[in-house]
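Structural overview for review
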Amino acid sequence: MAMQELKALVVDDEVDMCWALERVLQGEGIKTHSAHTAEGALAILKKNTPQLAFVDIKLPDMDGIELAKLIKASNPSLPLILISGYYYGDDPVIKKGLEEGLYVGFISKPFEVNEIRNYARRFFPKGGNPSL
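Residues numbered from 1 in each chain as written. Predicted model: local features only at pLDDT ≥ 70, side-chain atom pairs only at ≥ 80, totals over all residues. Heavy atoms only, no water.

1. Focus: the overall build of the chain
Defined as follows: Comment: elements are numbered from the N terminus, with helices defined as DSSP H or I runs of at least four residues and strands as E runs of at least two. The size measure is the radius of gyration over C-alpha atoms, and the globule rule it meets is 2.2 Å times the number of residues to the 0.38 power. Note on areas: Shrake-Rupley with a 1.4 Å probe; residue coverage comes only from the protein chains shown. Under the counting rule used here, the positive set is Lys and Arg, the negative set is Asp and Glu, and His together with the chain ends is not counted. Just so you know, the charge point we use is NZ for Lys, CZ for Arg, CG for Asp and CD for Glu.
A tally of regular secondary structure across the chain gives five helices and five strands. Starting at the N terminus and ending at the C terminus, the chain contains elements arranged as β-α-β-α-β-α-β-α-β-α. Its C-alpha atoms give the chain a radius of gyration of 14 Å, near enough to 14 Å, the size a compact globule of 132 residues would have. Taken along the three principal axes of its C-alpha coordinates, the chain extends 45 × 30 × 30 Å. When the accessible surface of the chain is split by element, carbon and sulfur atoms take 52% of a total near 7,300 Å². Mean positive and mean negative side-chain charge positions of the chain (15 and 18 charges, respectively) differ by 8 Å.

2. Re the packing of helix α2 (residues 38-47) against helix α3 (residues 64-74)
To keep things clear, this is the line we draw: For helices, the fitted line uses only the C-alpha atoms of the stretch in contact; every axis is such a line through C-alpha atoms, and the angle between N-to-C directions lies from 0 to 180 degrees. By definition in this entry, angles of less than 35 degrees are roughly parallel, angles greater than 145 are roughly antiparallel, angles of 65 to 115 are roughly perpendicular, and the rest are oblique. A clockwise turn of the near helix away from the far one marks a right-handed crossing, whereas an anticlockwise turn of less than a right angle marks a left-handed crossing. Note on contacts: a residue pair qualifies if any of its non-hydrogen atoms lie within 4.5 Å across the two residues. Think of it as three bins: nonpolar holds Ala, Val, Leu, Ile, Met, Phe, Trp, Tyr, Cys and Pro, charged holds Asp, Glu, Lys and Arg, and polar takes everything else, Gly as well.
Remark: α2 packs on α3, axes separated minimally by 11 Å, with the N-to-C direction vectors making an angle of 15°. When the interaxial angle is binned, α2 and α3 end up roughly parallel. In this structure, the crossing between α2 and α3 has a hand that is right-handed. Contacts from A38, A41, L42 and L45 in α2 reach L67, L70 and I71 in α3. Here the residues of the contact of α2 with α3 are counted per class, giving seven nonpolar, no polar and no charged.

3. Considerations on the environment of E28
Applied cut-off: Burial classes: relative accessible area under 20% of the type maximum marks a residue as buried, over 50% as exposed, and values in between as partly exposed (1.4 Å probe, protein chains only).
Following the sequence through the fold, E28 ends up in the loop between α1 (15-27) and β2 (31-35). Under the relative-accessibility criterion, E28 is labelled buried at 15%. Residues E28 and N114, 86 residues apart in the sequence, show an inter-C-alpha distance of 11 Å.

4. Describing the nonpolar core
Note the following rule: Grouping buried Ala, Val, Leu, Ile, Met, Phe, Trp, Tyr and Cys residues that are joined through side-chain atoms within 4.5 Å yields what is termed a nonpolar core.
Core analysis: the biggest nonpolar cluster contains 23 residues, and L9, V11, V55, L67, I71, L80 and L82 have the highest contact counts within it. When residues of this core are traced back to their parent elements, those giving at least two are β1 (7-11), α2, β3 (52-56), α3 and β4 (80-84). Ignoring any residue separated from it by four or fewer positions in sequence, one finds V55 in contact with V11, G64, L67, I71, L80, I81, L82 and I83.

Structure below.
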C-alpha cells in the first residue's frame, strides 16, 4: 500500500526563512511548496493540496492574517500556523485568531527548530515517506 505524500505550504517573504522552514519540514519527510507573497501562496493552493501551512504575518502584498482568512475560506480543513517577528503569542490579535480557529498555532521569530518539528509531528504523526 502506497504511503500518502505529505505536503506543507510555506509562505514567507524572507527567502532564507522559507529555506530554513523547508529544510526542517523536509527532514521530517514532508514535501514543501513555498511562496514569498500572498498571491504566490494562493496560486500554489489552486494547484496543490497541502495538509499543513506555515504563513508569515508580514507579507509584501497582503497581511498574513488576511491571507489566512482567504485560505480558510477555500480550504477550511487546512491547519495554518502563523509565524511572525512582529507579534507575540499573547498579542490580542493572535489570541483572537486562535480562539476563532482561523489558525491552529503561532510561532514567533526567531523560532526554534523543534517548534516547527513539533507542529509537523502533531499533524503528520507517522512522519513522511521514509525513503526521503
